[in-house]
Amino acid sequence: MSTLTKKDSNSSIITDSDYILEVNDLKKHFPVKAGILQRNVGSVKAVDGLSFKVKKGETIGIVGESGCGKSTAGRTLIRLYEPTAGDIFFKGRNISKMSESELRRTVRKDIQMVFQDPYASLNPRKTLKSILLEPMKTHNMYKGKEREDKLDELLDRVGFNPLFINRYPHEFSGGQRQRIGIARALTLNPDLIIADEAVSALDVSIQAQIINLMKDLQEEMGLTYVFISHDLSVVRHISDRVGVMYLGKIMEFAPKKDIYEEPLHPYTQALLSAVPTPRKKGAAPRERIILKGDLPSPANPPAGCVFHTRCPAATAMCSEKVPEFREVKKDHFVACHLY
Amino acid sequence: MTALLELKNLKTHFMKKKANIPAVDGVDLTIQKGETVALVGESGSGKSITSLSIMRLIPSPPGKIVDGQILFNGQDLVTLTDDQMCKIRGNDISMIFQEPMTSLNPVLTIGEQIIEVLMYHQKLNKSQARTKAVEMLELVGFSRAKALVDEYPHRLSGGMRQRVMIAIAMSCNPKLLIADEPTTALDVTIQAQILDLMKDLSKKYDTSILLITHDLGVVSEVADKVVVMYCGQVVEEAMVEDLFDEPLHPYTIGLMGSIPSLDDDLDRLQSIEGNVPPPEHFPQGCRFAPRCPHAFDKCRSALPALMDVEGGSRKVRCFLHGDKEATS
């Protein structure tokens, strides 16, 4: 870990101001209980040692297949799940061990989340207006007339007709609901937005509208995004740097150009080659690496490198020794014995 | 090549209390023997209803095939009785659904679900059917097929269940396989496995495939011909290379511009403004006109026909291309 310097977890303030978010060896394990006494018989290592830094104003993409722990990582980052171990520094503060009330007082309003399912993430019994006012009330922000102004501004930002303000979520289409989800995340002027599969449930033409909107908002408001998705092409489009996750670990983390044009990790290579892409006449078909088998269970991950059971380049060492996550080129981190 | 399936002016409407909803509104489609045709469109375009109409699985009421013919090997499926249709379903035409998690029966073993099909359609006895079931599971790439026959679906992962679905669908050597979003619920590495398997099987058994999907990447990997649907109608039909080389209909162009590319960096995606209109509010004239950047007066008043262009090698429903042909 050359540039990912270890921080003393007792000191809660760090001075490195370029980074808005810094994650050190973050772990989230879920206990597996069995028997009448519900004793712990093991744990699911959903997130198992994440380390990365996020610069102010950039977009970090996190990609991986289902079950790789990317959503758990997103939820643990904002303490919707209690981390099992590790540190999360947000704007220099260690938020991983903060009490709930301190969290709410200091950082809750600065980190917001946009969820995947626009049908499930909005309360069906509340109007658009009360959905957007709720965060303001909870955090006691804006008074009287200011609230109305803020509402108008929000609706304008996400391209909504102000006449819709008293409608209920069921009256909107999927794309419109996702705009509401984004507007709600913006009510408190956050610095960091965690978007968990924010466009996955939408049709491609609507997806493009939402991605463009998110990019515009980032430019106007200087937002920082952690964009979690399984869709490699969407992540390439929106991110500055990308982390590839597999079984709770980051396999590779690099600027997007490096990840997509010169992937180093065998898993990244296989993942990219598996994506079907529209191809023009005469273009050579891409060589495809087909991975054998399925994702192993995170309750019982393979010893050594977690990917060795499916890796086309695995050697004897891979099944014994866990590869170190280290910087092999400038800004390019890989966890693999090949490098 | 001879046409295996021919849809002629198929109209499937749903009757609601007040409105008549034209979910599929005059679809023409031809599938040759051994050919893979992709039916592409966003949600609400009517692509799934088209496939369910072919299988005669439209819930009725409220749904009804109000007009048109579905010619399968020259026989019109619309006029068949339910009993006759039962003999064709699963035997000559079979179907794979999107959700591998819900389309298998959770209380029957995998073997029982394949054996049931074989005993009904192929009139095999139980032990013959069981042998054949093991063969089918080996065919779709399971190494321990013998043990798997007695497993329940919940023991399998999504990709494995979809392979079981393919084994069931292929067990009677169907002439046509309808795959409705077969890989949408799967991860990319598993999707690659399933698409490869489908391609291999269709080549091996000369099975035609009607692939229903919204993913243009998948289309370019497996299809021979592409049919693009919008609001219950076909808007463009072309061979796959031609379509990706030069899409003609503004909707197809918009759809392709909306997909972020894996190989290029673009600053903005070219999105299609607005939403797909609900069927009870289809616009007059061309149904894409309200969202179309090239729409002119005629588009808002008259509905363009699906016309042959480029010497009949492809079809498009758009006035921008129709005029050239009409004069020639």
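From a predicted model like this one, the values you see are computed outputs, not experimental measurements. (Residues numbered from 1 in each chain as written. Chains lettered and ligands numbered in written order. Predicted model: local features only at pLDDT ≥ 70, side-chain atom pairs only at ≥ 80, totals over all residues. Heavy atoms only, no water.)

Chemist: I keep staring at the environment of A:Arg125 and nothing clicks. Help me out?
Modeler: Residues and elements named next belong to chain A. Mapped onto the secondary structure, Arg125 falls in the loop between strand E6 (111-114) and helix H3 (128-138). Given the relative accessible area of 74%, Arg125 is considered exposed. Each C-alpha atom of the pair Arg125 and Ile210 lies 25 Å from the other, and the pair is 85 residues apart in sequence. (Helix = DSSP H or I, 4+ residues; strand = E, 2+ residues; numbered from the N terminus. Buried < 20%, exposed > 50% of the residue type's maximum accessible area, 1.4 Å probe, protein only.)

Chemist: Can you help me understand the pattern of salt bridges in this one?
Modeler: Opposite charge on two side chains permits pairing when their charged atoms draw close. On inspection of all chains with the given rule, the structure shows 35 salt bridges over all chains. Among the ionic pairs, A:Glu134 bridges to A:Lys126, the shortest N-O distance being 3.5 Å. B:Glu237 serves as the salt-bridge partner of B:Lys315, at 4.0 Å between the closest nitrogen and oxygen. One end of the pair, B:Lys315, is in strand E12 (residues 314-316); the other, B:Glu237, is in strand E10 (residues 233-239), and 78 residues separate them in sequence. For B:Lys315, a relative accessible area of 27% translates into the label partly exposed. Residues joined by salt bridges that share partners form a network here, namely A:Lys91, A:Lys109, A:Asp110 and A:Asp191. (Salt bridge = Lys/Arg side-chain N within 4 Å of Asp/Glu carboxyl O.)

Chemist: Just to check I follow, could you spell out the interface of chain B and chain A for this structure?
Modeler: Buried accessible area, meaning the area lost when the parts come together, often serves as the stated size of an interface. With 39 residues of chain B at the contact, the number on the chain A side is 40 residues. When the two sides are added together, the surface that chain B and chain A hide from each other amounts to roughly 3,700 Å², 51% of it contributed by carbon and sulfur. On inspection of chain B and its partner chain A, the count reaches 1 salt bridge. For the salt bridge of B:Arg268 with A:Asp216, the shortest nitrogen-to-oxygen distance reads 2.8 Å. (Contact = heavy atoms within 4.5 Å. Buried area = accessible area lost by both parts, 1.4 Å probe.)

Chemist: Just to check I follow, could you spell out the sheet that holds strand E10 (residues 249-255) of chain A for this structure?
Modeler: Two strands in a sheet stick together by hydrogen bonds in their backbones, pointing the same way (parallel) or opposite ways (antiparallel). All names here are of chain A. Reading across from one edge, E6-E7-E8-E3-E9-E10-E12-E11 is the order of the 8 strands in this open sheet, with mixed pairing throughout. Sheet topology places E6 and strand E11 (325-329) at the edges, where each strand pairs with a single neighbour. Sheet twist, expressed as the average angle between the axes of neighbouring strands with direction ignored, equals 20 degrees. Judged from the 6 bridges that link them, strand E9 (residues 241-246) and E10 form a sheet pairing that is antiparallel. For Met245, the partnering residue across the bridge sits in E10 and is Ile250. Packing of helix H1 (residues 70-77) onto the sheet brings it into contact with strand E3 (59-63), E6, strand E7 (192-196), strand E8 (224-229) and E9, and relative to E8 it is tilted by some 150 degrees. Running at roughly 160 degrees to E8, helix H6 (residues 204-221) makes contact with E3, E7 and E8 of the sheet. (Pairing = 2+ DSSP bridges. Axes fitted to C-alpha atoms, helices over the stretch in contact; angles between N-to-C directions.)

Chemist: Just to check I follow, could you spell out the environment of A:His265 for this structure?
Modeler: All names here are of chain A. The topology assignment puts His265 in the loop between helix H8 (256-261) and helix H9 (266-274). The exposure class of His265 is buried, given its relative accessible area of 1%. In this structure the C-alpha to C-alpha distance between His265 and Leu247, which are 18 residues apart in sequence, comes to 14 Å. Ignoring any residue separated from it by four or fewer positions in sequence, one finds His265 in contact with Met251, Glu252, Phe307, Val334, Ala335, Cys336 and Tyr339. In terms of polar contacts, His265 uses its side chain to reach the backbone carbonyl oxygen of Ala335, at 3.1 Å. (Polar contact = N/O pair within 3.5 Å; in protein donor to acceptor, adjacent residues only side chain to side chain.)

Chemist: Can you help me understand unusual backbone geometry in this one?
Modeler: The phi dihedral of A:Asn189 is positive, around 50 degrees, even though this residue is not glycine. Note that A:Asn189 resides in the loop between helix H5 (174-186) and E7. The backbone of B:Asn9 shows a phi angle near 50 degrees, a positive value even though the residue is not glycine. Within the secondary structure layout, B:Asn9 lies in strand E1 (residues 3-15).

Chemist: Looking at this model, I keep getting lost on the state of the cysteines. Mind explaining?
Modeler: Chemically, a disulfide is nothing more than a covalent bond linking the sulfur atoms of two cysteines. What the rule picks out here adds up to 0 disulfides over all chains. Of all cysteine sulfurs, the one in A:Cys318 lies closest to A:Cys311, which takes part in no disulfide; the gap is 6.2 Å. Relative accessible area serves as the criterion here: at 17%, A:Cys311 is assigned to the buried category. Free of any disulfide, B:Cys172 has its nearest neighbouring cysteine sulfur in B:Cys86, separated by 13 Å. Given the relative accessible area of 6%, B:Cys172 is considered buried. (Disulfide = S-S within 2.5 Å.)

Chemist: Help me out: how do you make sense of the pairing of strand E9 (residues 225-230) of chain B in this one?
Modeler: For a regular strand, side-chain orientation follows a simple rule: the groups alternate between the two sheet faces. Residue and element names in this part refer to chain B. By the criterion of burial, E9 is predominantly enclosed, with 6 of the 6 residues buried. Residues Lys225, Val227 and Met229 line one face of E9 and the alternating positions Val226, Val228 and Tyr230 line the opposite face, and both faces are buried. Here E9 pairs with E10 via 6 bridges, running antiparallel. Residue Tyr230 lies in a different strand from E10, and its bridge partner there is Gln233. In sequence, E9 turns back onto E10 through a hairpin of 2 residues, with Cys231 there showing a positive phi of about 50 degrees.

Chemist: Hey, could you run me through the nonpolar core in this one?
Modeler: One recurring pattern in soluble globular proteins: nonpolar side chains tend to sit buried together. In terms of nonpolar packing, the biggest core is built from 66 residues, with A:Ile182 and A:Leu232 touching the most fellow members. The greatest single-element share of this core, amounting to 7 residues, is contributed by H6(A). Those residues in contact with A:Ile182 that sit more than four places away from it in its chain are A:Val114, A:Val158, A:Ile210, A:Leu213, A:Met214 and A:Leu217. Formed by 40 residues, the second largest nonpolar core is a distinct cluster that contains B:Ile115, B:Val140, B:Val149 and B:Ala179. (Core = buried A, V, L, I, M, F, W, Y, C linked by side-chain atoms within 4.5 Å.)

Chemist: When you look at a negative patch on the surface in this model, what are you seeing that I'm missing?
Modeler: All names here are of chain B. Negative charge collects at one region of the surface, where Asp224, Glu241, Asp245 and Glu246 lie side by side. Mapped onto the elements of the fold, Asp245 is located in helix H9 (residues 240-245). Asp245 sits in the partly exposed class, given a relative accessible area of 36%. (Patch = residues over 30% accessible without salt bridge, like charges linked within 9 Å, V, L, I, M, F, W, Y side chains within 5 Å. Areas by Shrake-Rupley, 256 points an atom, 1.4 Å probe, with all protein chains shown as cover. Lys, Arg positive; Asp, Glu negative; His and termini not counted. Charge placed at Lys NZ, Arg CZ, Asp CG, Glu CD.)

Chemist: I would appreciate a short explanation of H6(A) in the present structure.
Modeler: Residues and elements named next belong to chain A. For H6, with 18 residues, the first-to-last C-alpha span of 26 Å sits near the 26 Å given by 1.5 Å per residue. Within H6, 14 of the 18 residues are buried, leaving the element largely enclosed by the surrounding structure. Backbone geometry just downstream of H6 places Gly222 in the positive-phi region, at approximately 65 degrees. (Expected span 1.5 Å × (residues − 1).)

Chemist: Would you mind showing me how to read empty space enclosed by the protein here?
Modeler: Over the atoms rolls a probe the size of a water molecule, and its path tells where empty space is left. All names here are of chain B. Evaluation of the coordinates by the stated rule reveals 5 cavities of 30 Å³ or more. Computed from the structure, the largest cavity encloses a volume of approximately 80 Å³. Forming the boundary of the largest cavity are 13 residues, of which Pro250, Cys286, Cys292, Cys299 and Cys318 lie nearest the centre. Its residues assigned to classes, the lining of the largest cavity shows 11 nonpolar, 2 polar and no charged. In this structure, the second largest cavity occupies an estimated 50 Å³ of space. Considering the residues around the second largest cavity, the lining is formed by Tyr230, Gln233, Val235, His249, Cys286, Arg287, Phe288, Leu303 and Arg317. Here the residues of the lining of the second largest cavity are counted per class, giving 5 nonpolar, 2 polar and 2 charged. (1 Å grid on protein atoms, 1.4 Å probe; cavity = no way out; pocket = protein on both sides within 12 Å on 5 of 7 lines; lining within 4 Å. Points joined across faces, edges and corners; volume = space filled by probe spheres on them. Nonpolar A, V, L, I, M, F, W, Y, C, P; charged D, E, K, R; others polar.)

It is worth stressing that arrangement in space is one thing and function is another; only the former is reported here.
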